[in-house]
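# Coordinates in review
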Amino acid sequence: MSSANRVLFDAPGPRARRRIAVISVVTVILIVAAIGWAIELFARSGQLDPNSWVEFTEWPYVRFLLNGLLQTLLCTVVSAAVAIPAGVLLALGRLSRNGLIRRLSGAYVEFFRSIPLLLLVYVFVGGLPAIGINVPVFWKLVIPIIACSSAVLAEIFRAGIRALPRGQLEAASALGLTRSQAMRKVVLPQAIRLVIPSLVTQIISLLKDSTLGYAASYPELMKSAENLTAYTHDLIQTYLVVSLIYVVINLALSQLARYLEERQGRNRNVLRGAGSRRVRRVNRDVNDVVLNAQ
Amino acid sequence: MSTLASYFGQIMVGLGTALSLTVIGFAGALVLGTILAVFRIGPITPLRLVGTVYVEVLRNIPLLCLLILFVFGLPDIGIVFDLYTTVAICLALFNAAFVCEAIRTGINTVPVGQAEAARALGLTFTQSLRTVVLPQAFQSMIQPLVNVFIGVLLGSSLASAVGVMDLLGVAQFINLHQAWGIGLFAAAAAVYASIALGMGFLGGRLERKVAISR
């Protein structure tokens, strides 16, 4: 519970405590009723049939989904490996003193942050092959992901760089470093450390983005689930299992991001003199940027 | 020429579908998200738990997963809506989690002293929230909420992956039949980008307008 929440209400007195208890009991009853209703719906339509569920313990099915998961992770890792350096370059481009570079990277970032990823996937799947440009299926999924997420990552890095005290850059040039040396040796190492929690959050959206393999016909987890369903006809079971896999992985990643953020907030040495308030503000700015993740 | 005219009609209908999905989805997300945020900051433990679990699950599930579960899965357990309604419900449910977090974070940016002062004046939970905390929190919620709106807009395009003929669905359909399809994708991208950037710009202006100068 955050401190602002706690002061919104007093420690409840006897009347309030009674009221809270009543509402709590009603809520619990409603939750139980909702779960019961869902189970009843599943049971009535025969979706609880054990045969539809045991297949997820049988090795051939498990192996099939694991293969899909492996492709999902491969997509995520490859997109991250290209998009993160590209994001750094774009962020530097937006902060460049050369007007042309600044404007070009600005236009790229604004455009690719504002179009749906699926549109780009369709361009690679249906549009470009029609005019004779054809890349392997993997890249039909991964190139669009890289194009869009490098734009988001650029905003994250830019927020990180701008959050550093100006004195860092000034001290670096006072020491005789050129601007590019100062960026490389002084600003970037600190800025990147600052945005690491947000980078982890961005990995979550890369993982979500890879589900568009469903539209690109690339056999990652989502498409594998569809292929499996075509064979078993247990659609709702398969996608519940797949959803669970995504939620578990993403929850683990977001816990990691939260842990890193808290550690940064406590460890003031990350930004000597800037303090944890600045760190919090950066992460808030950055979270605004990454909120768009679908 | 007549084919071009009929395509134009389709494109406009698709654009209308995309926009109405976005607006309905965002409105639904706003209502549900506000309720969830109240759950999460209120004193009632089971409701807090509902809010937390909802946000953690919906924020971490891919939207496409949710869409497929609802569009193809719900009929299997006997719940049938038409496709458009199902997608609108999905967009609202999914983005409610993000709205909830935007509101909660906004409330947390209000200095604790403000709430303490409100409590000291004897205001109740609802009063201090309504008259002291929320008006100040609203200011820092604008940008995140605009981002959610843009998220709903871009997310609504996933509807075409489950068969809705929204702007992207129409573009994809025409691209199957016409060589100039790729130009249509470019036009659709321009439409999405101008709406998203336009909303971002308006949000920025609104934010400056309501800024409290201290």
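Scroll up for the structure.
Residues numbered from 1 in each chain as written. Chains lettered and ligands numbered in written order. Predicted model: local features only at pLDDT ≥ 70, side-chain atom pairs only at ≥ 80, totals over all residues. Heavy atoms only, no water.

As a further point, take the side chain of S224 of chain A. Considering the arrangement of structural elements, one finds S224 of chain A in helix α12 (residues 221–232). Of the residues examined, S224 of chain A reaches a relative accessible area of 4% and is grouped as buried. (Helix = DSSP H or I, 4+ residues; strand = E, 2+ residues; numbered from the N terminus. Buried < 20%, exposed > 50% of the residue type's maximum accessible area, 1.4 Å probe, protein only.)

To continue, consider the environment of P165 of chain A. Relative to the assigned elements, P165 of chain A resides in the loop between α7 (137–163) and α8 (166–174). Its relative accessible area of 25% is what places P165 of chain A among the partly exposed residues.

All names here are of chain B. Interaxial distance between helix α2 (residues 45–60) and helix α4 (residues 83–109) falls to 8 Å at its minimum, and their mutual angle equals 120 degrees. For the element pair α2 / α4, the angle class is oblique. Considering only the axes of α2 and α4, their crossing is left-handed. Between α2 and α4, the contacting residues are Y54, V55, L58 and R59 on the first element and L93, F94, A96, A97, F98, C100 and E101 on the second. Here the contact of α2 with α4 is composed, by residue class, of 9 nonpolar, no polar and 2 charged. (Axes fitted to C-alpha atoms, helices over the stretch in contact; angles between N-to-C directions. Parallel < 35°, antiparallel > 145°, perpendicular 65-115°, else oblique. Left-handed = near helix turned anticlockwise from the far one by under 90°. Contact = heavy atoms within 4.5 Å. Nonpolar A, V, L, I, M, F, W, Y, C, P; charged D, E, K, R; others polar.)

Attention now moves to the interface of chain A and chain B. By convention, interface size is frequently given as the accessible area that disappears when the constituent parts associate. Each partner contributes to the interface: chain A provides 59 residues, whereas chain B provides 65 residues. Both sides together, the interface formed by chain A and chain B hides about 5,400 Å², and carbon and sulfur atoms give 71% of it. At the junction of chain A with chain B, the criterion picks out 1 salt bridge. The salt bridge involving E56 of chain B is made with R258 of chain A; its shortest N-O contact spans 3.2 Å. Linking chain A with chain B are 6 residue pairs in polar contact (both at pLDDT 80 or more). Mapped onto the side of chain A that touches chain B, the elements with two or more residues apiece are α1 (3–6), α2 (14–44), α5 (99–113), α6 (117–130), α10 (196–209), α13 (235–266) and α14 (275–290) of chain A. With 12 residues, α13 of chain A is the single largest residue contributor to the side of chain A that touches chain B. Residues belonging to the side of chain A that touches chain B are distributed by class as follows: 36 nonpolar, 16 polar and 7 charged. (Buried area = accessible area lost by both parts, 1.4 Å probe. Salt bridge = Lys/Arg side-chain N within 4 Å of Asp/Glu carboxyl O. Polar contact = N/O pair within 3.5 Å; in protein donor to acceptor, adjacent residues only side chain to side chain.)

Looking now at the packing of aromatic side chains. Here the structure, examined in full by the defined rule, presents 7 aromatic pairs over all chains. Consider the rings of F138 of chain A and W139 of chain A, whose centres lie 5.1 Å apart with planes at 85 degrees: the pair is edge-to-face. On the accessibility criterion, F138 of chain A (14% relative accessible area) is buried. Ring plane angle 85 degrees and centroid distance 5.1 Å describe the contact between F26 of chain B and F149 of chain B, whose orientation is recorded as edge-to-face. On the criterion of sequence distance, the pair formed by F26 of chain B in helix α1 (residues 2–41) and F149 of chain B in helix α6 (residues 125–156) is long-range, its members being 123 residues apart. Across the pair, F149 of chain B and F26 of chain B agree in class, each one buried. Ring pairing ties together the aromatic residues Y108, F111 and F112 of chain A, which thus form one cluster. Sitting over the face of the ring of Y214 of chain A, K223 of chain A holds its NZ or CZ atom 5.9 Å from the ring centroid. (Phe/Tyr/Trp six-rings, centres within 6.5 Å; stacked < 30°, edge-to-face > 60°. Lys NZ or Arg CZ within 6 Å of the ring centre and 35° of its normal.)

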